[in-house]
Structures are given as structure tokens and as C-alpha cells.
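# A look at the structure
For reference, the chains in residue letters:
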Amino acid sequence: MEWMNQAALSAQKSDAVFFYVFGLSVVFLLFITALMIYFVVRYSRKRHPVAEQIEGHVGLEIVWTTVPLLLFLSIFYYGWTNYEYMRQAPRDAMVIQVTARQWSWSFEYPNGKKTKVLFAPIGKPMKVEVRSADVVHGFFIPSFRLKIDAVPSRTNTTWFQATKLGSYDIQCTVICGVDHSLMLSKVIVVPEDEFKAWYFGGEDAPEPGKNLRAAEAHPGLKDMPLGLAVLTAKGCLACHSVDGKPKVGPTLKALYGREQQILVAGAYKNITVDDAYLRRSITNPMDQVVRGYPPAMPPTPLSGQELDEVVRYIKGL
Ligand SMILES: [Cu+2]
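Predicted model, so just to flag it, every value in this text is computed and none were measured. In this numbering scheme, every chain counts its residues from 1 along its sequence in written order. It should be noted that, the model being predicted, local features are given only for residues of pLDDT at least 70 and side-chain atom pairs only at 80 or more, the latter also being counted only at that level, while totals for whole chains, interfaces and linings use all residues.

Read across the open sheet, the 3 strands follow the order 12-11-13; overall the sheet is antiparallel. Taken across any chain shown, the strands that pair with only one partner, and hence form the sheet edges, are strand 12 (267-272) and strand 13 (288-290). Strand-to-strand twist of the sheet, defined as the mean angle between neighbouring strand axes without regard to direction, takes the value 40 degrees. The pairing of strand 11 (residues 259-264) with strand 12 spans 6 bridges and is classified as antiparallel. Bridged to Val264 within strand 12 is Ala267. A strand pair is defined by DSSP finding two or more bridges across the two strands. Helical segments are the DSSP runs of H or I of at least four residues, strand segments are the runs of E of at least two, and each set is numbered from the N terminus. The axes are straight lines fitted to the C-alpha atoms, using for helices just the contacting stretch, and the angles between their N-to-C directions are given from 0 to 180°.

With that settled, consider the nonpolar core. In summary, soluble globular proteins display a tendency toward joint burial of nonpolar side chains. By convention in this section, buried Ala, Val, Leu, Ile, Met, Phe, Trp, Tyr and Cys residues joined through C-beta atoms within 7 Å make up a nonpolar core. Comment: burial labels come from other C-beta atoms within 10 Å of the residue's own C-beta, placed from the backbone, where a count of 20 or more is buried, 12 or fewer is exposed, and between is partly exposed. Ranked by internal contacts, the top residues of the largest apolar core, which has 33 residues, are Val98, Leu118, Phe144 and Val187. A per-element tally of this core places strand 10 (residues 185-190) first, with 4 residues. Note: domain ranges come from an automatic or database domain assignment. Looking at which domains feed residues into this core, each of domain 1 (2-87) and domain 2 (94-208) supplies at least three. Residue contacts for Val98: discarding those within four places in its chain leaves Trp105, Phe107, Val128, Glu129, Val130, Arg131 and Phe139. Among the nonpolar cores identified, the runner-up in size contains 9 residues, and Leu228, Ala229, Leu231 and Ala233 belong to it. Residue pairs are scored as contacts if the distance between their C-beta atoms, which are placed from the backbone, is within 7 Å.

Now for the packing of helix 6 (residues 275-283) against helix 7 (residues 304-315). Packing of helix 6 against helix 7 brings their axes to within 10 Å, and their N-to-C directions diverge by 125 degrees. Classified by the angle their axes make, helix 6 and helix 7 are oblique. Note that helix 6 runs across helix 7; the crossing there is right-handed. Here Asp275, Leu278, Arg279 and Ile282 of helix 6 come into contact with helix 7, specifically with Leu307, Val310, Val311 and Ile314. Of the residues that constitute the contact of helix 6 with helix 7, the class distribution is 6 nonpolar, no polar and 2 charged. Orientation categories follow fixed angle ranges, with anything under 35 degrees roughly parallel, anything over 145 roughly antiparallel, 65 to 115 roughly perpendicular, and all other angles oblique. The handedness criterion is simple: a crossing whose near helix is rotated anticlockwise from the far helix by less than a right angle is left-handed, and one whose near helix is rotated clockwise is right-handed. For this classification, Asp, Glu, Lys and Arg are treated as charged, while Ala, Val, Leu, Ile, Met, Phe, Trp, Tyr, Cys and Pro are nonpolar and the rest, including Gly, are polar.

With mixed pairing, the 5 strands of this open sheet are ordered in space as 4-10-9-6-7. Sheet topology places strand 4 (118-121) and strand 7 (146-150) at the edges, where each strand pairs with a single neighbour. Averaged over neighbouring strand pairs, the angle between their axes works out to 20 degrees when direction is ignored. Of the pairings in the sheet, the one linking strand 6 (residues 137-141) to strand 7 comprises 5 bridges and is antiparallel in character. Across the sheet, residue Phe139 finds its bridge partner in strand 7, namely Ile148. Across the sheet, helix 3 (residues 192-200) touches strand 4 and strand 10, and the angle it forms with strand 4 is around 130 degrees.

Moving on to the domain arrangement of the chain. Domain annotation of the chain identifies domain 1 (2-87), domain 2 (94-208) and domain 3 (213-315). Distance between the C-alpha centres of domain 2 and domain 3: 36 Å.

A helix's residues, less one, multiplied by 1.5 Å, set its expected span. In a regular helix each residue adds 1.5 Å, so 34 residues correspond to 50 Å; helix 1 (residues 9-42) covers 49 Å between its end C-alpha atoms and thus fits that length. With respect to burial, helix 1 is a largely exposed element, only 3 of its 34 residues being buried. Turning to helix 1, its buried residues number three or more, namely Ser10, Ala11 and Ser14. If you follow the buried residues of helix 1, they end up packed against helix 2 (58-87), strand 7 and strand 8 (156-161).

Right, let's talk about the pairing of strand 6 for a bit. Most of strand 6 sits inside the fold, with 4 of its 5 residues counted as buried. With 2 bridges connecting them, strand 6 and strand 9 (residues 166-172) associate as antiparallel partners. When the bridges of strand 9 are listed, Phe140 appears paired with Gln171.

The next point concerns the environment of Asp169. If you trace the backbone, Asp169 turns up in strand 9. Here Asp169 falls in the exposed class, since 12 other C-beta atoms lie within 10 Å of it. For the pair Asp169 and Val273, spaced 104 residues apart in sequence, the C-alpha to C-alpha distance is 40 Å.

Right, here's the structure in full:
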């Protein structure tokens, strides 16, 4: 379910326990309420004017003792096995040192790289060793349902395996001083090769998840298709619509495959819009200007991946 945003195995596990307990509670709420209403009606003074002496009923007592007992034990068992699961990181997990301090998070990888946001490859187990440099903090990734305290002079560990690409909030759950509410970071889940390129790359290796983070600068972009997020973050939508309305530049709707007249090197030429044309008109806007429009498009640097996403998105419009 989208609204639940389960982005890691731990989220699925934790939600399963939650809905098990919640489901049981709902069933018993309905059962007990219905029984109560039935008794109120059935044994009202009108229908049952004289109170009756009743003796115990051994069978009933056994049932209402053992059934709840078994149910409670099942809750305990289910919760316990999930807790064990969260405590035991797989042996091949990469170990990240997480340090909490007033008021920020920092992350250190096994090779010594340090970051302010946590990078994680999708589908790989990552163990976190959480420490605090000052007071008690709480390391919390809501979309992973992952939460563990950061306590001075001790190390608490847990682990996760992300199942969805994207950028997710990290929060502090313990009131730790005036800027507690600003003690925020992100975990950025990227494809494994993107993570490796950064991890094994030199000092200046580009950080993974660039376009995701460009999208972060504009709230609400996270749920958009990547291509649209890039168009928004790079300001393309100031001049182009995606719904057919003309702006300074032609609309991008139904552009792919359209016949078009363009001005190339001083002469008009008829072309059909294809991948190569789209790429060239984005990377070198002045090379080919659409008839009837001013040569007003500024060159905007896009990464190869961003360009791919934009082209794919425009094709789908
Ligand atoms: Cu804190």
C-alpha cells in the first residue's frame, strides 16, 4: 500500500506484527461490544425481572482462559521473532558507524568515507552501529520502521535492507535540546552500481542519488516520475507545459513522433521527433530551433541519467 511506504524488509516485518495485533483488537472490540449489547437487551429488567443465582461453568472458564492466553502468547511469539530478526544482522552486512550529536547525524563507511546523509544500495543488508557523542538521541527511519536509541558510551546496533529506491527521512526521536526538531537527515537508496561507483571511487567520486536530491529541494517531487521531477527541479516547466498548453516554448505533450519544422544552420527542415532529436534539443538547444519559437532556451547541464529519465518521460506524454 502506497500510503504506508514500506521501503525496507524491516517495515514489512514491523507492519505485519502491527496489523496482527491491531486486527485482533478490532475483532475483540466488535465481539465484546456485540456481546455486551446482547446481554443488556436479553437480561434487561423487562425481560428478566428476577435475578438468578448462577454457578460457575468449568468448560466456559477453561475456554475464556486458554483462548486469550494462546492469543497473547502468539502476539509475544510474533513480536519476539521479529525483534530477534532486527537484532541479528546478516553476516555479509556492510557496517555503518552512525554518530548522533547535537544536532546532526554523521555516517562512516568501512572504507573511511564520511557523509551527512546515509547512502544505501538497494537490496543489500546494512548494519548500523549507533553511538552518541553527547546526550541521548533516537535514530529513526520511519519508512523502514527502524528505530534505535543513540546512548552515550554505548553502541546499539540494528540493520536494514532497503527494498525501494528513493530518499527517506531520518529523524531524532528523543528531545535532545533546542534544535532537536531540526536534527534531520536522509537515507538515499540507490542502485548497487551507483553506490559502488561512489564507494570505490576516489575523493571526488560523485555522490549517488544526485537527481533524487535535486528533487528533494522541491517538496512533493518525491512521488513524481523521475523524469517529471527532473523537469521541475531544473526549471524546464517555466517554459514548457506537459499538458498541451503553450508557454514560451512548445509543450512537451504528444511531442514524441510529431512532424516538426526546425531551423538548422539557417534552413528549415522537416523532421520527426525521435530520441536523438530530443536529446540534441535538450543538450544543444541552439542547434535546431523549432519554427515559430524564439531561440530562447538556455543550455541546462543534465547528467546522463537525468537526460535518460527526461527523454523517457517525454516519450510517455
Ligand atoms: Cu537528537
